[in-house]
Each structure stands twice: as C-alpha cells, then as structure tokens.
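Residue strings, one per chain:
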Amino acid sequence: MASTTTGLPDRYRPLDQIGPDETTPTGVIQSWRAKDRVLNRDVAIRVHVPAGPAAHAWITRALTAGGLATPALAMVYDASEGSGDPQAPGGAAYVVNEWIDGETLAERLRSGPMPERDVRLVLRRLAEGVAEAHRVGLAVGGLTLENVVLRPNGLVGLRAVPAASGTVHGDITALGELLEACLTGVGPGARPATGPSDLVALARRARSTEPGQGLSSVAAMASLLAERPRTGPTPPLPPNRAEEAEGGRRRRGRDRRAEGAAPVRLEPGALPPVPPVRPGGDDEPPARSPHDTIAAGAALPPAPPAGEEEPFGVLHGGGSTSADRYADHADLDEDDEDGARKHRLAVVALPLLALLVVIALAWWIGSSVLSVTDAVDEDIDGSTPPATSAPVAEGGEEPAVEPGAAADIAGAQVYDPFGDGAPENDDAVPLSYDGDPATSWPTLTYRGSPAFGNLKPGVGVVYDLGSPQDLAGVTVQTARPGATVEVRTADTADGALDDFAVAANGTLEQRTELPFDDTVTARYVLVWLTGLVDGPDGFSAELAEVEISTAG
C-alpha cells in the first residue's frame, strides 16, 4: 500500500502500512514500515493524527521507552510531538521503532499449539522485557498476537512500543491471554487448553480478576515461567534402598529409646533384660513380620551345667551384656566431655597460632627482604656489572614475535553474523586500509548499551591477504578511542565466529599495537569489535587505519 502520510521528516520514507489504524481517546495512530535514508535501514514508524498537544501523552510514554535496552521490546529510535502542521516536514507527531523481522505469534499459532519448551521460553523472555518497562514506570500495552514477533535468531520481540495507552494490570492480563493462546493455538488448528498443569494454572491466574487469585506483577510471572516444572510423584525406592530406609528408621527408633531410658543397675544374680531385637545367627529362623514378638526364653543363653558357675552378665556367642552397654554409654558421655574440652582448646589455640604465623612472617620479611636490599645497594655502590652481561626478558619469558613489513591487503568486507541483515556501512570498509588515518569505517550507532544495544555480541571487518602468510600482529588507528577489540585469524572468510582463532585483544587508543604471542599463519584477519564508545547520539566505534604486520 502506497503511503499518503505527510508531515514526516525527509529522513523517513514510508513504504507500506502495517496493521489497521489504532483509535485512541486523543486521535488515530497509523503504523508504517519505512526506510531510514540516513542509516539505510528499515524502521517501523507510527504517526499520531492530530499532532501537537493531543499526542503529548503518547510521546511522553515513547521517550520513557527510549531508555529501555531489552531485545524483547522494539527499541525507540526517534520521537516527536510535531508542530501540528500536517503539510510541513516534521509537523506530524510520530514515533520511530526498530523494525523486527520474523513470524508473528498469530501466524505461528495458526498451525497449532506450541511445544511446552517454546511456550516457556517465549513467554518468559517477553515477560522479562515487560517487567523491565514496569520497573521504570511504563505500562507497555499492545501485547497482541499480531505485535509479538518470533525473531529468526530464537529471540522474541514486541512491535509498536509503547502503545497509546496501557496499565500494569492490563499487561498482566494480556500476557495470560498470550500464554493461553500458545497452549491452544488459534484458528482451525485451535484445541482446548491442555499441557502442563502449571502453565494452565498460570494462564488462569494471570487473567483472574478475583481478589487474592491473580498475579501481583509481571516479574512474578517471569519467575514462575523460569522455574523447572514439577514432575509426577516420587518414584518408589528400589528394594535394596527400601530395606536400607526401613533399617535406618528402626535404628533411629532404638537410638531414641536408648537416649530416653534411665540407666538400670543390676543386682547380683539377676538376669540381664531381654534385648528388643530378633535373634540371629548362622541358622536364620523363618522370616517374621516387623511386629512379631519372641519368647523371652529364646533370647536367653542356655543354662550352665549343674555344679558350674558362670560369671555374671556374660552371654554366649560373644554378645554384649546390659552392663557392658551401660558402661558404653558412660564411655560415650566421657568422650563427649573430652570433645567439648578439645573444641574449647581449639577455639583458643587457633587465633594464637595465626598470630604467631603473622609475627614470624613479618620477621622473615624484615630480615630477608631488607638484607637483600642492603646487599643490592652495596653491589651498586661498590661494583659495576660486567660488560658481557646479556639482557634477560622479565620473568624468563621470550619476547613477542618480531614484526616485519606490512602485509598487502587484497580486499575486505563487513563480518556481521549476528546482525539483522541491515548494512553496517559496508561501502566505507576500504577507508579502513587506504593509508589515510583521516578516513575511517564506522559502525552503526546503537542505543541503550555499549554492547551493541544488547542486540548482538559484536561486528567487525575481515581482511583478505590474498594468500596465507606468517603474521606477527595488527596495528589499529582510530579517532574514537575506548572500543574493545579482538584480532582473530582463519583460513576462510565465511566460517562462524568460533572458526576464527583469537590471536590478540585489547582496548583501542588513537594508535594501538596488538602483537601476537606466536607467529600465526593465516590468509584472513578479522578485527572484531566487542564494545562500543559512548557518543552524543549513542554508542559506536570506527576503524581509521588497519595495518597487518608479517613476521620478521
């Protein structure tokens, strides 16, 4: 659809209208895909009719959104309240957003519900972005299936940020409706809400209007989506583990009974009490249930033959008597007291030991280091080093590779594997190796963060040397110092970033030498920018002159 919009700055050229007109209490908002003629990229531009004071509230919300830097919300590049003259350039009230390519959530859900993992990932990232807007006091609005876009790189983005109006509760409800749509699908492929019970319950809570039943914030929703889902009931223990658990419970029960029982003093000639355990031996008796009881006589030792006397309290078979057990308890009490004394001794002794170590260390430093210093002073005052002494590299390390002549650069191109396809000033790349430091290749200007607006990890230029060569380092000149950079090398220019091996890194000054630790043989050299420099219009960097040194 051709544009009939007037009053926009000459910088923006509307291409086609996207979506229906949005009616607001103060007017009508039209949305367009447009071309930014200065930066040569597509943008989304929304125009409010009428301009002037009627659009003031919406423009104020847009300026608040301009301070956000989250990939889940379309960045605000520009906004103006306009002069109110629809025929004059700049007379319209407009907001310029990042253009987000990809499949809308409505288009995706027409083929059916999304898998559970995708639902959690998409809704969590979207909720985190909306929560960031709420943190600065901005209710986003416009959370519809048509405005949510699934980016090609696996991220999610919301177009038309911000809407003409919105509330925090409205954002929570809209996210609940999006979650339910992801579980059911839309159109002919829709089906009743099924799936993990926690997601179904979360969608119901987000849309609930009953007091105490809804969600308190979008951040709470993001936190619940980030939790790992609870699985089914705890699986039963294997037989051997079950037996161990049962045995542990029995032992703990006996320990508690032993701790609560009072010591029993046996009179001479009295029999020891029957231990509350089943008899055992080489010939195992038939299995009994845990609640079976045994006759007292079965647990007693056989009576000694007539005329023989047996020492009191001794059981046949090497078993311990009750007196032995009570003696053991007394020994344990004594051991506890010994342990307490040792603990108190350790608490007192350890700080003293640490103090002695510090004193000894101070004495050693005072005696050894100062004596060495005195000896050095005496050597300096009384002798001259021999003329045949050879210099040794600090720490015994070998110096870096000796650089030779500068390598001839056969060509270069922008390397932007994480970009959105928009040109990154590709035509200016030859200015980075034309021998003139006054000309340069600049990056685009990014808003919100020196990490490329949190849109990608970096961008760079790949230099082709024509053939593999032995290299010693790279020298970079720039008129905007402060950017961080990596120098990477590879045998092909079309590989992934990890295919380029890192040879050096650093922060750019006006002239920065980045030597390699070892000689590197490669044909392609990538100067990869990882951090930008703050400027009046945003964050950017530039390469004025790049020189690649061969190994000498």
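This section reports on the structure supplied with the text. (Residues numbered from 1 in each chain as written. Predicted model: local features only at pLDDT ≥ 70, side-chain atom pairs only at ≥ 80, totals over all residues. Heavy atoms only, no water.)

**So, helix H3 (residues 116-135)**
Compared with the 28 Å implied by 1.5 Å per residue over 20 residues, the 28 Å span of H3 between its first and last C-alpha is a close match. Turning to H3, its buried residues number three or more, namely Val 119, Arg 120, Val 122, Leu 123, Leu 126, Ala 127, Gly 129, Val 130, Ala 131, Ala 133 and His 134. Residue Gly 137 follows H3 closely and has a positive phi angle near 85°. (Helix = DSSP H or I, 4+ residues; strand = E, 2+ residues; numbered from the N terminus. Expected span 1.5 Å × (residues − 1). Buried < 20%, exposed > 50% of the residue type's maximum accessible area, 1.4 Å probe, protein only.)

**Re the pattern of salt bridges**
Taken as a whole, this structure holds 14 salt bridges when the rule is applied. For the salt bridge of Asp 16 with Arg 33, the shortest nitrogen-to-oxygen distance reads 3.3 Å. In this pair, Asp 16 sits in strand S1 (residues 12-17) while Arg 33 sits in strand S3 (residues 27-36), placing the two residues 17 residues apart along the sequence. A relative accessible area of 23% places Asp 16 in the partly exposed class. According to the relative accessible area criterion, Arg 33 is partly exposed, its value standing at 21%. The network of salt bridges with shared partners includes Asp 16, Arg 33, Lys 35 and Asp 42. (Salt bridge = Lys/Arg side-chain N within 4 Å of Asp/Glu carboxyl O.)

**Some remarks on the nonpolar core**
One finds Leu 105, Leu 175 and Leu 178 to be the most contacted residues of the largest nonpolar core, which totals 56 residues. Among all residues touching Leu 175, those that are not within four sequence positions of it are Leu 123, Leu 126, Ala 127, Leu 143, Val 218 and Met 221. Formed by 36 residues, the second largest nonpolar core is a distinct cluster that contains Phe 452, Val 459, Val 485 and Leu 529. (Core = buried A, V, L, I, M, F, W, Y, C linked by side-chain atoms within 4.5 Å. Contact = heavy atoms within 4.5 Å.)

**Things to note about the packing of aromatic side chains**
Going through the model one piece at a time under the given rule, you end up with six aromatic pairs. Of the aromatic side chains, those joined through ring pairs into one cluster are Tyr 415, Phe 418, Phe 500 and Trp 528. Looking at Arg 41, its charged tip hangs above the ring of Tyr 77, at a distance of 4.2 Å from the centre. (Phe/Tyr/Trp six-rings, centres within 6.5 Å; stacked < 30°, edge-to-face > 60°. Lys NZ or Arg CZ within 6 Å of the ring centre and 35° of its normal.)

**Overview of the sheet that holds strand S7 (residues 103-104)**
Strand order in this open sheet of three strands is S7-S8-S9, and the pairing throughout is antiparallel. Each end of this open sheet is capped by a strand with a single partner; those strands are S7 and strand S9 (156-158). In terms of strand pairing, strand S8 (residues 148-150) meets S9 through three bridges, oriented antiparallel. Residue Val 148 lies in a different strand from S9, and its bridge partner there is Leu 158. Its contacts with the sheet place H3 against S8 and S9, and it is angled at close to 45° to S9. (Pairing = 2+ DSSP bridges. Axes fitted to C-alpha atoms, helices over the stretch in contact; angles between N-to-C directions.)

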